Amino acid sequence: MDKIEVKIVNRSTHPLPAYSTRQSAGMDLRAWLREPVTLQPLQRALIPTGVYIELPEGYECQIRPRSGLALKRGLTVLNTPGTIDADYRGEVGVIVVNLSNEPQTIEDGERICQMVVEHHATVEWVAVEQLADSERGAGGFGHTGVK
């Protein structure tokens, strides 16, 4: 298992983002709210976390939904996955949307999403006139059928 050091400022009163189990890929991140936020059906809000991070060059942090919130309450992260670039130094905010048919309230300290830190490559485009053939070719959007 690879480990990297990431600098973090936690202005909230909550614990640092943490893995729930030893083999978890994502760390749970908590809402930092002065008062609860109630989202009506289809309403979205930017939820503050009080967390600021400094990722090493070549890394990104992805913000992903928590499956339990999505299944049980219809709360999910709208721009999934949200990307935090290595040069961003602002507060990590999470766009949460209520996809349920009932109002949903987010409380201070509630675990609202997962953070996954990933290494990424930087692309250098090579302009060509034609791409190599492949078994799949240009087939997409269900070209292999349903069953």
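Our subject in this report is the structure included herewith. None of these values were measured; they are calculated from a predicted model.

Conventions and cut-offs
Residues numbered from 1 in each chain as written. Predicted model: local features only at pLDDT ≥ 70, side-chain atom pairs only at ≥ 80, totals over all residues. Heavy atoms only, no water. Pairing = 2+ DSSP bridges. Helix = DSSP H or I, 4+ residues; strand = E, 2+ residues; numbered from the N terminus. Axes fitted to C-alpha atoms, helices over the stretch in contact; angles between N-to-C directions. Patch = residues over 30% accessible without salt bridge, like charges linked within 9 Å, V, L, I, M, F, W, Y side chains within 5 Å. Areas by Shrake-Rupley, 256 points an atom, 1.4 Å probe, with all protein chains shown as cover. Salt bridge = Lys/Arg side-chain N within 4 Å of Asp/Glu carboxyl O. 1 Å grid on protein atoms, 1.4 Å probe; cavity = no way out; pocket = protein on both sides within 12 Å on 5 of 7 lines; lining within 4 Å. Points joined across faces, edges and corners; volume = space filled by probe spheres on them. Nonpolar A, V, L, I, M, F, W, Y, C, P; charged D, E, K, R; others polar. Core = buried A, V, L, I, M, F, W, Y, C linked by side-chain atoms within 4.5 Å. Buried < 20%, exposed > 50% of the residue type's maximum accessible area, 1.4 Å probe, protein only. Contact = heavy atoms within 4.5 Å. Phe/Tyr/Trp six-rings, centres within 6.5 Å; stacked < 30°, edge-to-face > 60°. Lys NZ or Arg CZ within 6 Å of the ring centre and 35° of its normal.

Time to look at the sheet that holds strand β5 (residues 44–54). Read across the open sheet, the four strands follow the order β1-β5-β9-β7; overall the sheet is antiparallel. Two strands close off the open sheet at either side, each with one partner strand: β1 (7–10) and β7 (75–77). Neighbour-to-neighbour, the strand axes of the sheet open up by a mean angle of 40°, direction not taken into account. Strand direction decides the pairing type here: β7 and strand β9 (residues 91–98), joined by three bridges, are antiparallel. Its bridge partner being in β9, Val77 is matched across the sheet by Val96.

With that settled, consider a nonpolar patch on the surface. Judged by side-chain polarity, Val126, Val128 and Leu131 come together as a nonpolar surface patch covering roughly 340 Å² of accessible area. You can see Leu131 is positioned in the segment after β11 (111–119).

Before going further, it helps to spend a moment on empty space enclosed by the protein. In total, this model carries one cavity of 30 Å³ or more according to the counting rule given. A volume near 30 Å³ is recorded for the largest cavity. What lines the largest cavity is Ser12, His14, Pro15, Leu16, Pro17, Leu29, Arg30, Thr49 and Val51. Its residues assigned to classes, the lining of the largest cavity comprises five nonpolar, three polar and one charged.

Turning our eyes to something else, we now look at the sheet that holds strand β8 (residues 82–85). The strand order across the open sheet formed by five strands is β2-β3-β11-β6-β8, and the pairing between neighbours is antiparallel. Strands at the two margins of the open sheet, each flanked by one partner only, are β2 (18–19) and β8. Where strand β6 (residues 59–64) and β11 come together, six bridges link them in antiparallel fashion. Paired with Ile63 across the two strands is Met115, which belongs to β11.

To continue, consider the pairing of strand β3 (residues 27–30). Of the pairings in the sheet, the one linking β2 to β3 comprises two bridges and is antiparallel in character. Of the residues in β3, the one forming a bridge with Ala18 is Asp28. Both β3 and β11 contribute to a ladder of four bridges, which runs antiparallel. Residue Met27 lies in a different strand from β11, and its bridge partner there is Met115.

In this section: the nonpolar core. In terms of nonpolar packing, the biggest core is built from 24 residues, with Leu29, Ile47, Ile53, Ile63, Val94 and Ile106 touching the most fellow members. Secondary structure elements with two or more residues in this core: β5, β6, β7, β9 and β11. When neighbours within four sequence positions are excluded, Ile106 is seen to be in contact with Ala31, Leu33, Pro36, Val37, Leu39, Ile47, Arg73, Leu75, Val96 and Ile112.

In this sheet, β9 lies alongside β5 in antiparallel orientation, the contact comprising six bridges. Along β9, the bridge assignment pairs Tyr52 with Glu91.

The geometry of an aromatic ring pair comes down to the distance between the two centres and the angle between the two planes. Applying the stated criterion across every chain yields a total of zero aromatic pairs. Looking at Arg11, its charged tip hangs above the ring of Tyr52, at a distance of 4.6 Å from the centre.

Next up on the list: the layout of surface pockets. Of the pockets and cavities examined, the largest pocket occupies roughly 690 Å³. Ile4, Val6, Tyr19, Met27 and Val117 are the residues nearest the centre of the largest pocket, which is lined by 23 residues in total. If you list the elements that add at least two residues to the lining of the largest pocket, you get β1, β6 and β11. Examining the composition of the lining of the largest pocket, we find that four residues originate from one element, β11, more than from any other. Looking at the lining of the largest pocket residue by residue, the class counts come to 16 nonpolar, two polar and five charged.

So far we have only geometry, and geometry alone does not tell us how the molecule works.
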